[in-house]
Amino acid sequence: MASLAEKRKADAEERSVEPEARPEELRLLEALLFASTEPLDQATLAKRMPDGVDIKVALAQLQADYASRGVNLVRIANKWTFRTAGDLSWLMTRESTETRRLSRAAIEMLAIIAYHQPVTRAEIEDIRGVITSKGTLDVLLETGWIRPRGRRKTPGRPLTFGTTEAFLSQFSLEALGDLPGLEELKGTGLLDSRLPSGFGVPTPSDDPALRDDEDPLEIGDLELALAPAVEPETGGEG
C-alpha cells in the first residue's frame, strides 16, 4: 500500500504536468472572434493568420472544439461568431429586452419578402390578396431585417425589397437557402396538406446583385421608403 508521502509525490507530479499546447492559429482565431463586436468573414480572419495557415481547416477545428461548450462557434451569412449554445439560451431570458411582437400582417410580409425577393410592395399585396399598410412595411424596415434593394424597371419604378444579414442572424440562418421548403412547411403544420395542384414554394435567394429588371437605388430612396403613408389601409389586414 502506497505511503502518504508517495501519494503526495504522485499528486504533485500530476499537478505539474502542463496541458497540451493548442495550435497558435486557434488561439489567434479565438482572440479575434471574442474581441470583435460583429461576425467576421473568412477573408478578414485569414488576413490576420500566419503564413501557411489553412483558415478553413482552422475554423472547422475551432468549431469542433467549441461544439460541446457553453458557447458555440457558428457561421451566419458566411461570417463567423460565437453564440450561446442553443440548449442554454434559456439562461439569457431574464437578461434579454422584451420586444413588441410582430403582427400577423408583418410576419406574412416578412415571409413573402424572404421567399420572393426582390419583391415590390405591389407584388407583396398581390400575393397576400390585401392592401398592405405602410406602417407594417415601416416596422420591418426599422427592425433592420429588410432593406430596399433597387427600383423595378416598370412604370412608376417601385422599390424592390430584400432581407438583410440581420434577418439571417435573428433567425440563426447560415444562408437564406436554409429556410424551410414546401415539405418542411407542411410537416410543421404551417401549410395545409391539401394544397391546390401546382402550388409551390419558391427557392429563396438573397444574392445582393441587382437583377436584370432592377435599377440601382437613388439618393433618398431609404427616406422615401420610411415616409408617412399617404393612403389609408384597406382590405381587412390582420
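Report on the accompanying structure.

**Quick word on the overall build of the protein**
Along the backbone of the protein there are 10 helices and seven strands. A total of 238 residues make up the protein; the buried ones form 29% of that total. Look at the contacts in the protein between residues 6 or more apart in sequence, and 58% of them connect residues 24 or more apart.

**Concerning the sheet that holds strand S4 (residues 119-120)**
With antiparallel pairing, the four strands of this open sheet are ordered in space as S4-S6-S5-S7. Unpaired on one side and paired on the other, S4 and strand S7 (214-215) mark the two borders of the sheet. Here two bridges tie strand S5 (residues 146-152) to S7, and the two strands are oriented antiparallel to one another. Directly across from Arg152, in S7, lies its bridge partner Glu214. Sitting on the sheet, helix H7 (residues 134-143) touches S5 and strand S6 (159-163), and the angle it makes with S5 is about 115 degrees.

**Quick look at the pairing of strand S3 (residues 79-84)**
Strand direction decides the pairing type here: strand S1 (residues 40-41) and S3, joined by two bridges, are antiparallel. Bridge pairing in S3 links Asp41 to Lys79. In this sheet, S3 lies alongside strand S2 (residues 71-76) in antiparallel orientation, the contact comprising six bridges. Across the sheet, the residue bridging to Val71 is Thr84, located in S3. Connecting the antiparallel pair S2 and S3 is a turn made up of two residues, with Ala77 showing a positive phi of about 55 degrees.

**Considering helix H5 (residues 104-116)**
If you check H5, its first and last C-alpha atoms are 18 Å apart, about what 13 residues at 1.5 Å a residue would give, namely 18 Å. Along H5, the positions that sit buried rather than exposed are Ala105, Ala106, Met109, Leu110, Ile112, Ile113, Ala114 and Tyr115.

**So, the nonpolar core**
One finds Ile113, Ile146, Phe161, Phe167 and Leu168 to be the most contacted residues of the largest nonpolar core, which totals 23 residues. Those elements giving two or more residues to this core turn out to be H5, H7, S6 and helix H8 (165-170). Broken down by element, this core gets its largest block of residues, seven residues, from H5. For Ile113, the residues in contact, after removing those within four places along its chain, are Val119, Ile124, Ile146, Phe161, Gly162 and Thr163. If you look at the next biggest cluster of nonpolar residues, it comprises 15 residues, including Leu26, Met49, Leu73 and Trp80.

**Side note on the pairing of S6**
Here S6 lies mainly inside the structure; five of its five residues are buried. Both faces of S6 are covered, namely the face carrying Leu159, Phe161 and Thr163 and the face carrying Thr160 and Gly162. Two elements, S5 and S6, share five bridges in a ladder whose sense is antiparallel. The residue of S6 that forms the bridge with Arg151 is Leu159. Remark: six residues form the turn of the hairpin made by S5 and S6, two consecutive strands paired antiparallel; Gly156 in that turn has positive phi of roughly 90 degrees.

**Remarks on the pattern of salt bridges**
Taken as a whole, this structure holds 12 salt bridges when the rule is applied. For Glu125, the salt bridge is made with Arg121, and the minimal N-O distance between the two is 3.5 Å. In this pair, Glu125 and Arg121 are both assigned in helix H6 (residues 121-128), four residues apart and thus about one turn of the helix distant. Judged by its relative accessible area of 18%, Glu125 is buried. For the salt bridge of Arg157 with Glu218, the shortest nitrogen-to-oxygen distance reads 2.9 Å. A residue pair is termed long-range when its members are at least 10 positions apart, and Arg157 in the loop between S5 and S6 and Glu218 in the loop between S7 and helix H10 (221-225) qualify at 61 residues. Assessed through its relative accessible area of 28%, Arg157 is described here as partly exposed.

**Re the sheet that holds S3**
Each strand in a sheet pairs with its neighbour through backbone hydrogen bonds, running either in the same direction (parallel) or in the opposite one (antiparallel). Here three strands make up an open sheet; going across it, the order is S1-S3-S2 and the pairing antiparallel. The sheet terminates laterally at S1 and S2, the two strands that pair on one side only. Those strands touched by helix H2 (residues 24-35) are S1, S2 and S3, and its axis lies near 75 degrees from that of S3. Of the strands in this sheet, S2 and S3 touch helix H4 (residues 55-65), which is tilted by about 140 degrees from S2.

Basis of the calculations
Residues numbered from 1 in each chain as written. Predicted model: local features only at pLDDT ≥ 70, side-chain atom pairs only at ≥ 80, totals over all residues. Heavy atoms only, no water. Helix = DSSP H or I, 4+ residues; strand = E, 2+ residues; numbered from the N terminus. Buried < 20%, exposed > 50% of the residue type's maximum accessible area, 1.4 Å probe, protein only. Contact = heavy atoms within 4.5 Å. Pairing = 2+ DSSP bridges. Axes fitted to C-alpha atoms, helices over the stretch in contact; angles between N-to-C directions. Expected span 1.5 Å × (residues − 1). Core = buried A, V, L, I, M, F, W, Y, C linked by side-chain atoms within 4.5 Å. Salt bridge = Lys/Arg side-chain N within 4 Å of Asp/Glu carboxyl O.

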